[in-house]
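# Architecture and fold: a report
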Amino acid sequence: MPITATTRVHGSSPAAAQLIDAVERRTGIRLSTSDGTSGEIELLIDHGSSAPEGYTLEIGERAIIVGADEAGLFYGVQTLLQLLRQDDSGWALLGADIADSPRFPRRGVMLDVARHFFGVDYVKKFIDSTSSLKFNHLHLHLSDDQGWRVHIDAWPLLTERASATSVGGDPGGFYTKADYREIVAYAASRHMIVIPEIDLPGHTHAIGVAYPELVEAPVLNDNLIADSARLGQPLPVAGETYLGWGVGHSSVRIHEERTYDFVRDVVHELAEMTPGAYIHIGGDESLGTPQADFDLFAERATAIVVEAGKIPMAWHEMGSATNIAEGTVGQYWGKTTPEGTHAEEAAHFVERGGALIMSAADVTYLDMKYTEDFPLGLTWAGIIDVRSAYEWEPTAVLDVPDTAILGVEAPLWSETTRTLGEVEQLVFPRAAAQAEVAWSPREAPERGWESFRVRVGALAPLWKAEGIDFHPADEIPWSAR
Ligand code: TNX
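In this report, we go over the structure that sits alongside the text. Values in this document were obtained by computation on a predicted structure and should not be read as measured data.

### Section: the packing of aromatic side chains
Going through the model one piece at a time under the given rule, you end up with 19 aromatic pairs. When the ring of Phe 74 is compared with that of Tyr 75, the centres are 5.7 Å apart and the planes differ by 65°; the resulting orientation is edge-to-face. Residue Phe 74 is classed as buried on the basis of its relative accessible area, which comes to 3%. Summarising the aromatic geometry, the rings of Tyr 75 and Trp 439 are spaced 5.4 Å apart at their centres and angled 80° between planes, so their arrangement reads as edge-to-face.

Here is the structure:
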């Protein structure tokens, strides 16, 4: 079906305006809206016509998208935009007859704004690019050893004293409450729910820069010492800004009541400005915290989230705590072949009536290098080319019922990424692989590498039009137009 300046869009949903803007960015053609009863492109909502977030899309002489809800319509628009092509006779939509809805309700991406800070405009662009792949949750890693990135009224020194820098001494920053609300609202307009994370009880060196009484002295481990020497990075010093990226050296004071006043204030202030159901309280790599203390903290901190009316989320290590709050959702970041106690810890969330998000590090981690010589990224979880990112099955990693797996999240840790363009090179195209793992049924005929690589290659012109700095991995046959 040809797309020309006379093509009209009919439908009053916000998705109609988003479609018109996106077509203009891609083609330079500004479609008009139809004020009559129909248009060449028709956008409708018919509640219950598909599963939640689902849609149908027919492209013949006209294009008709029927969403089961606003999100479904938005996703139908994203698929339509993927079917836009230019040839010698101009712009056209490929023919289609699609009935589509997601396999998993949770399709997430994470952005680490603590190791390097990314301002509101960059986060919005990240939301644009990832929501176009039908991701519906944005997990913001808002605090770590290197910085605290969101203002908390009750503890103002966090952002006053512990937000100015990033890894390597790069500039830092933080979100005011108005900034944070702006991100949440923008994400909602793209059908993404924000999950704020405050990482506790480890990854808390920055808290000690602002409030020394809340944290223990750094506990150095052998890996940290060796890695810091190899990378020429400084070791953490109590009360001073930390500029390296070593992990496992910090802990809040588990046996001080003040610590729980702090956690309660932070969780309540976050809950108050977060419409989404979840608050993530971290829990990873608390290597310097004695196990019994860690478990006690996990139990108390998850209870505080429940008390604030939210569902706790935590990295899988917190599953070591016998009485972690019921219903806590664990985020598994072990490998696709679990090591050590990771699988057991993850399974405990399910025993406590919770569920799991799969972020298996050797396939979903967007901060791993594509190839040994890729200039950005780390290698500890493996070298992850696009095919490896694509070929895994989220229900096959752990010994829990399939129904306990809510979905997938792909994290981008930002130790090595200083700009949004660098983030995008690591995220695209591998986020598209996780998007498909999370969305498409495993038995779908097109759900295989040979099909995926061609379909993802066809997105190059769209990503270029959107200004996404994707990595042109040579496994993919990229289309010119
Ligand atoms: C492990 S994954 C971490 C992060 C690092 C990341 C780098 C996880 C829960 N913790 O602190 O940034 O590796 O890949």
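### As for the sheet that holds strand S17 (residues 329-332)
The sheet built from 8 strands closes into a barrel, its strands ordered S10-S11-S14-S15-S16-S17-S18-S19 with parallel pairing. Strand after strand, the sheet turns through a mean of 30° between neighbouring axes, direction not considered. Alignment of strand S11 (residues 137-141) against strand S14 (residues 193-200), held across 5 bridges, turns out to be parallel. Its bridge partner lying in S14, His 139 is registered against Ile 195. Sheet contacts for helix H5 (residues 177-189): S11 and S14; angle to S14, the most-contacted strand, approximately 135°. Where helix H14 (residues 430-439) meets the sheet, its contacts fall on strand S10 (106-112) and strand S19 (405-412), and the angle it forms with S19 comes to roughly 175°.

### Re the side chain of Gln 233
Within the fold, Gln 233 resides in the loop between helix H7 (222-231) and helix H8 (257-272). You can call Gln 233 buried: its relative accessible area is 14%. Not counting chain neighbours up to four residues away, the residues in contact with Gln 233 comprise Ser 228, Gly 244, Trp 245 and Gly 246.

### Topic: the pattern of salt bridges
Here the structure, examined in full by the defined rule, presents 29 salt bridges. Taking the shortest distance from any N to any O, the salt bridge between Glu 269 and Lys 177 comes out at 2.6 Å. Of this pair, Glu 269 sits in helix H8 while Lys 177 sits in helix H5, and the two are 92 residues apart along the sequence. When sorted by exposure, Glu 269 lands in the same class as Lys 177, which is buried. Residues Glu 257 and Arg 300 are paired through a salt bridge, measuring 2.9 Å at the closest nitrogen-oxygen approach. Of this pair, Glu 257 sits in helix H8 while Arg 300 sits in helix H9 (residues 291-307), and the two are 43 residues apart along the sequence. Overall, Glu 257 belongs to the partly exposed group, its relative accessible area being 44%. Owing to a relative accessible area of 28%, Arg 300 belongs among the partly exposed residues under this scheme. One connected set of salt bridges, linked through shared partners, spans Asp 112, Arg 115, Asp 144 and Glu 415.

### Here's the deal with helix H1 (residues 14-27)
Between its terminal C-alpha atoms H1 stretches 20 Å, which fits the 20 Å expected from 14 residues at 1.5 Å a residue. Buried residues of H1: Ala 15, Ala 16, Gln 18, Leu 19, Ile 20, Ala 22, Val 23, Arg 26 and Thr 27, and no others. The opening residue of H1, the one whose side-chain oxygen lies 2.9 Å from the backbone nitrogen of Ala 15, is Ser 13. Gly 28 lies just past H1 and shows a positive phi near 80°.

### A word on the pairing of strand S6 (residues 63-67)
With 4 of 5 residues buried, S6 lies mostly within the body of the structure. Strand direction decides the pairing type here: strand S4 (residues 41-45) and S6, joined by 5 bridges, are parallel. Pairing of Ile 41 across the sheet is with Ala 63, part of S6. Relative to S6, strand S5 (residues 55-59) runs antiparallel, the two sharing 5 bridges. Bridged to Tyr 55 within S6 is Gly 67. The turn joining S5 and S6, which pair antiparallel and follow one another in sequence, is formed by 3 residues.

### Regarding the environment of Thr 7
Along the polypeptide, Thr 7 turns up in the loop between strand S1 (2-3) and strand S2 (8-10). Separated by 301 residues in the primary sequence, Thr 7 and Ala 308 place their C-alpha atoms 50 Å from one another. Only 2.9 Å separates the side chain of Thr 7 from the backbone nitrogen of Thr 4, close enough to count as a polar contact.

Each value, and the rule that gives it
Every residue gets a number counted from 1 within its own chain, in the order that chain's sequence is written. For a predicted model such as this one, the threshold for reporting local features is a pLDDT of at least 70, and the threshold for listing and counting side-chain atom pairs is 80 or more; totals across whole chains, interfaces and linings nevertheless cover every residue. Note: side-chain values were computed over all heavy atoms of the structure, leaving out hydrogens and water. Pairing of aromatic rings covers Phe, Tyr and Trp, the last counted by its six-membered ring, and requires centre-to-centre distances within 6.5 Å; plane angles under 30 degrees mean stacked, over 60 mean edge-to-face, and any other angle means tilted. Buried, partly exposed and exposed residues are distinguished by accessible area as a fraction of the type maximum, computed with a 1.4 Å probe on protein chains only: under 20%, between the cut-offs, and over 50%, respectively. What makes two strands pair is DSSP finding at least two bridges between them. Where helices and strands are cited, they refer to DSSP runs of H or I of at least four residues and of E of at least two residues respectively, numbered from the N terminus. Only the contacting stretch of a helix is used when fitting its axis, a line to C-alpha atoms as for every element, and angles between N-to-C directions run 0 to 180 degrees. Contacts are assigned to residue pairs with any non-hydrogen atoms lying within 4.5 Å of each other. Whenever Lys or Arg places a side-chain nitrogen within 4 Å of a carboxyl oxygen from Asp or Glu, that contact is recorded as a salt bridge. For a helix, the expected span equals 1.5 Å multiplied by the number of residues minus one. Whenever two N or O atoms come within 3.5 Å, that pair is a polar contact, provided that in protein one can donate a hydrogen and the other can accept it, and provided that, for residues adjacent in sequence, both atoms are side-chain atoms.

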